[in-house]
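# Secondary and tertiary structure notes
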Amino acid sequence: MCGIVGYIGKKDAENTLIEGLKRLEYRGYDSSGIALVQNKKMFSEKAIGKIINLEEKLSGKKFSGNVGICHTRWATHGKPTKENAHPHFSCDGDIAVVHNGIIENYQTLRDDLKKKGHKFLSETDSEVLPHLIEDFYKGDLREAVLKALKCVQGTYGIAVVSSKNPDEMIAARKGSPLVLGVGNGENFVASDVAAILGYTNQVVYLNDGEIARVASDDFQITDMDNQQIKCEINKIEWSLEESQKGGHEHFMLKEILEQPKVVVDSTRGRLLPDEGSVKLGGLEEVEEDLRKIEKIIIVACGTARYAGLVGEYMLEEYAEIPTEVEFASEFRYRKPIVDERTAIIAISQSGETADTLAAIREAKRKGALTLGIVNVVGSTIARETDAGVYNHAGPEIAVASTKAFTSQLTVLALITILLGRQRNMSLDTGKKIIEELEALPEKIEIILKNKVDIKKLSEKYSKYSDFMYLGRKYCFPLAEEGALKLKEISYIHSEGFPAGEMKHGSIALIDEDFPVVCVAPKDSVYEKNISNVEEIRARKGKIIILTTQGNKEAEKVADDIIYIPDALEMLTPILAVVPLQLFAYYVSSFRGLDVDKPRNLAKSVTVE
Ligand code: M6R
């Protein structure tokens, strides 16, 4: 959450910083700010709300600078006000800091600094940083930052500039992602590569406990004990174009429409049809360990967790490995029974979700094998897990996760084949799943071609204020995902759960103003789903049934129908989720809401 961009070079930093910041706006957008250094003077501006407000404030201003930092905020400590927006400054205004993360001991530090005479202007935890740095500053900015960070408990990704040291920018990381962008005569710091992709594709990922001194022509990285770190320059394969809207009104729609390609990309070079198996390069090193595992625990949050729930059904049915799915946020507070025969699979689009990361660390401590299903290459979870599989879904910008979910399901199917074929899965079954996987992109295209029908349906239902989503077996997690998608971008109250649970309480909510979406493809639990639909009909609830093409009998019990092509039961969620995403997207659009940046949310949740 929150976004950081820093620049040092020969250009006017302002435009580069603002352009970069706009690409990070999806990570947090309740206020923003910038600090620029020129001629040993510090200039700054801040604004509440979206980055466009900051841009407006900057237009016509006469200052410029070749070094600067900026920030877009998602509030944790303190309201989204101008005072609380970053950068924060030292008392003399010479040191500016942007910070992602949480300083846990900020209250004690603040009280101590106040006693020494420091004046605080905001309610944030972050503001202790410039004051601490000021306290230690004796001419060497890096040294002062290092000393300040040694006093701090909590997490941080920071960028620091000082008008007294105009030829450098300091960056440091512990628990909040930060990358250095290596350019030609210019260098960058960012919390997310998306911010700097337009300028360079050469990056160095900072690790926890590392601090960088960045100048326009070079940079040095050390650890907290001042030991020089030898770093690797990585090449980013995503293009700037891929991280832009490409003519679509919203990122979310673009990302929904990309899903046929996403399934192709997630499976590319990984299918071995003749062997009824798969080749997952990222798991090769641990293939022998995987043969020995007796239990899998999937840890994830939000949409990624719903993908994990589908994975649970896949892994138990086809790989015959007992599998549990945990809220990553709860994992370390329970007493999970984990040993060296347990594999933990962390699923995360961003690879930076704090709770998922903490769950992996806890599992590692207990000796489990940790695997990642991660989209963002080089992200913390990708680096901290023992092995893993990348999604290859390309950058996902809309806060509501769509294509990452389909790619997570696709990768879970691949892992199921791999583990299944190591155990009892027959050649024919392996071949069948692969054949069905290969057929998915075309089937998703068929659903997308009918998006106008879903748009019409969304208009009809956009006025309702409550929704229930139901499903069973492989489609039960889809009920939860459909409800989450709707609520997070349309602010409509919606709940999703296994269809059989409805009569244990929630059925009391049903009346003619409470539409129910039942995800009921013609699968092994179809009849059971229809029994639940009848119970809703008896209470006059409106019913939308999502079912398999050609299933005319569903029309008799539904007010509205959405059809999807037939597929292997375990892969049906990859098709069924698409209309649910489109439905949420269009409802939000009809309500005139900011689809890509829903209120109160941020794309990547890097705080606990
Ligand atoms: O980056 P991650 O996949 O770890 O993120 C997990 C959740 O925060 C995320 O899926 C969230 O639920 C989405 N906004 C849902 O659309």
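Each value, and the rule that gives it
- Residues numbered from 1 in each chain as written.
- Predicted model: local features only at pLDDT ≥ 70, side-chain atom pairs only at ≥ 80, totals over all residues.
- Heavy atoms only, no water.
- Salt bridge = Lys/Arg side-chain N within 4 Å of Asp/Glu carboxyl O.
- Helix = DSSP H or I, 4+ residues; strand = E, 2+ residues; numbered from the N terminus.
- Buried < 20%, exposed > 50% of the residue type's maximum accessible area, 1.4 Å probe, protein only.
- Pairing = 2+ DSSP bridges.
- Contact = heavy atoms within 4.5 Å.
- Axes fitted to C-alpha atoms, helices over the stretch in contact; angles between N-to-C directions.
- Arc of directions from axis to C-beta.
- Polar contact = N/O pair within 3.5 Å; in protein donor to acceptor, adjacent residues only side chain to side chain.
- Near = heavy atom within 4 Å.
- Areas by Shrake-Rupley, 256 points an atom, 1.4 Å probe, with all protein chains shown as cover.
- Nonpolar A, V, L, I, M, F, W, Y, C, P; charged D, E, K, R; others polar.
- Domains from an automatic or database assignment.
- Parallel < 35°, antiparallel > 145°, perpendicular 65-115°, else oblique.
- Core = buried A, V, L, I, M, F, W, Y, C linked by side-chain atoms within 4.5 Å.
- Buried area = accessible area lost by both parts, 1.4 Å probe.

### Observations concerning the pattern of salt bridges
Applying the stated rule across the entire model yields 36 salt bridges. Where Glu 186 meets Lys 11, a salt bridge forms, and the shortest distance between an N and an O atom there is 3.2 Å. A residue pair is termed long-range when its members are at least 10 positions apart, and Glu 186 in the loop between strand S9 (179–182) and strand S10 (187–190) and Lys 11 in the loop between strand S1 (3–8) and helix H1 (13–23) qualify at 175 residues. Overall, the relative accessible area of 34% leaves Lys 11 in the partly exposed class. Between Arg 268 and Asp 265 there is a salt bridge, with its nearest N and O atoms 2.4 Å apart. Judged by its relative accessible area of 53%, Arg 268 is exposed. What makes Asp 265 buried here is its relative accessible area of 14%.

### Observations regarding the pairing of strand S6 (residues 95–100)
Counting buried residues in S6 gives 6 out of 6 residues, a clear majority hidden from the surface. Judged by which residues are buried, S6 turns out to be covered on both faces: Ile 95, Val 97 and His 99 on one side and Ala 96, Val 98 and Asn 100 on the other are all buried. Direction of pairing for strand S5 (residues 88–89) relative to S6: antiparallel, over a ladder of 2 bridges. When the sheet's bridge partners are listed, Phe 89 is paired in S6 with Ala 96. Hairpin remark: S5 followed by S6, antiparallel, with 5 residues in the connecting loop; positive phi at Gly 93, about 75 degrees. Pairing geometry for S6 and strand S7 (residues 156–162), over 6 bridges, is antiparallel. For Ala 96, the partnering residue across the bridge sits in S7 and is Val 161.

### Examining the sheet that holds S10
Strand order in this open sheet of 8 strands is S3-S2-S4-S1-S10-S9-S11-S14, and the pairing throughout is antiparallel. For this open sheet the edge positions go to strand S3 (41–48) and strand S14 (234–235), each flanked by a neighbour on one side alone. Pairing of S9 with S10, which is carried by 4 bridges, proceeds in the antiparallel orientation. Its bridge partner being in S10, Val 179 is matched across the sheet by Ala 190. Each of strand S2 (31–38), S3 and strand S4 (67–73) is contacted by helix H2 (residues 51–58), which is oriented at about 135 degrees to S3, the strand it contacts most.

### Quick notes on helix H3 (residues 106–115)
Regarding H3, the residues found buried are Tyr 106, Leu 109, Arg 110 and Leu 113. Down the axis, H3 shows its buried residues gathered within 100 degrees of arc, on one side only. Each element contacted by the buried residues of H3 is listed here: helix H4 (128–136). Following H3 by one or two positions, Gly 117 has its phi on the positive side, about 105 degrees.

### A short note on the sheet that holds strand S25 (residues 543–548)
Across the sheet, 5 strands lie side by side as S23-S22-S24-S25-S26; this open sheet has parallel pairing. One side of each edge strand has no neighbouring strand; the edge strands of this open sheet are strand S23 (493–498) and strand S26 (560–564). Between one strand and the next, the sheet's axes are offset by a mean angle of 15 degrees, whatever the strand orientation. As defined by bridge partners, S25 adjoins S26 across 5 bridges and the pair is classed as parallel.

### A few points about the side chain of Thr 323
Here Thr 323 lies in strand S18 (residues 323–327). Among the polar contacts listed, one links the side chain of Thr 323 to the backbone oxygen of Ile 321, at a separation of 2.8 Å. Discounting residues that sit within four places of it in the chain, Thr 323 has contacts with Ile 296, Ile 298, Glu 312, Leu 315 and Glu 316.

### Here's the deal with the site of the ligand
Close to the ligand lie 14 residues, the nearest being Ser 348, Gln 349, Ser 350, Thr 353 and Glu 488. Note that an oxygen atom of the ligand is positioned 2.6 Å from one of the side-chain N or O atoms of Ser 348. In the environment of the ligand, an oxygen atom lies 2.8 Å from a nitrogen or oxygen atom belonging to the backbone of Ser 401. For the ligand, the accessible surface in isolation is 410 Å², of which the surrounding protein chains cover 91%. Taken together, the elements giving at least two residues each to the shell around the ligand come down to helix H9 (302–319) and helix H16 (476–490). By residue class, the composition of the shell around the ligand is 5 nonpolar, 7 polar and 2 charged. Formed jointly, the shell around the ligand draws a minimum of three residues from each of two domains, domain 2 (251–446) and domain 3 (454–590).

### A look at the packing of H9 against H16
Put simply, H9 and H16 touch, their axes get as near as 8 Å, and they point 170 degrees apart. With respect to their mutual orientation, H9 and H16 come out roughly antiparallel. Contacts between H9 and H16 involve Gly 302, Thr 303, Arg 305, Tyr 306, Leu 309, Val 310 and Tyr 313 on the former and, on the latter, Phe 476, Pro 477, Glu 480, Glu 481, Leu 484 and Lys 485.

### Structural notes on the nonpolar core
Nonpolar side chains tend toward joint burial in soluble globular proteins. Of all hydrophobic cores here, the largest spans 94 residues; its most connected members are Leu 283 and Phe 583. If you tally residues by element for this core, the top one is helix H18 (residues 572–590), at 12 residues. Built from parts of two domains, this core gets at least three residues from each of domain 2 (251–446) and domain 3 (454–590). Excluding its chain neighbours within four sequence positions, the residues that come into contact with Leu 283 are Leu 290, Leu 371, Ala 387, Gly 388, Val 389, Ile 415 and Leu 418. With 27 residues, the next largest nonpolar core counts Leu 24, Ile 51, Leu 54 and Phe 63 among its residues.

### A look at the domain arrangement of the protein
In terms of domain boundaries, the protein breaks down into domain 1 (3–236), domain 2 (251–446) and domain 3 (454–590). Between domain 2 and domain 3, the buried area comes to about 2,600 Å², and carbon and sulfur atoms account for 77% of it. For the interface between domain 2 and domain 3, the tally reads 0 salt bridges. Inspection of the region where domain 2 meets domain 3 yields 9 residue pairs in polar contact (both at pLDDT 80 or more). Elements with a minimum of two residues in the side of domain 2 that touches domain 3: helix H6 (251–257), helix H7 (259–267), H9, helix H13 (403–422) and helix H14 (427–449). At 10 residues, H9 tops the list of elements feeding residues into the side of domain 2 that touches domain 3.

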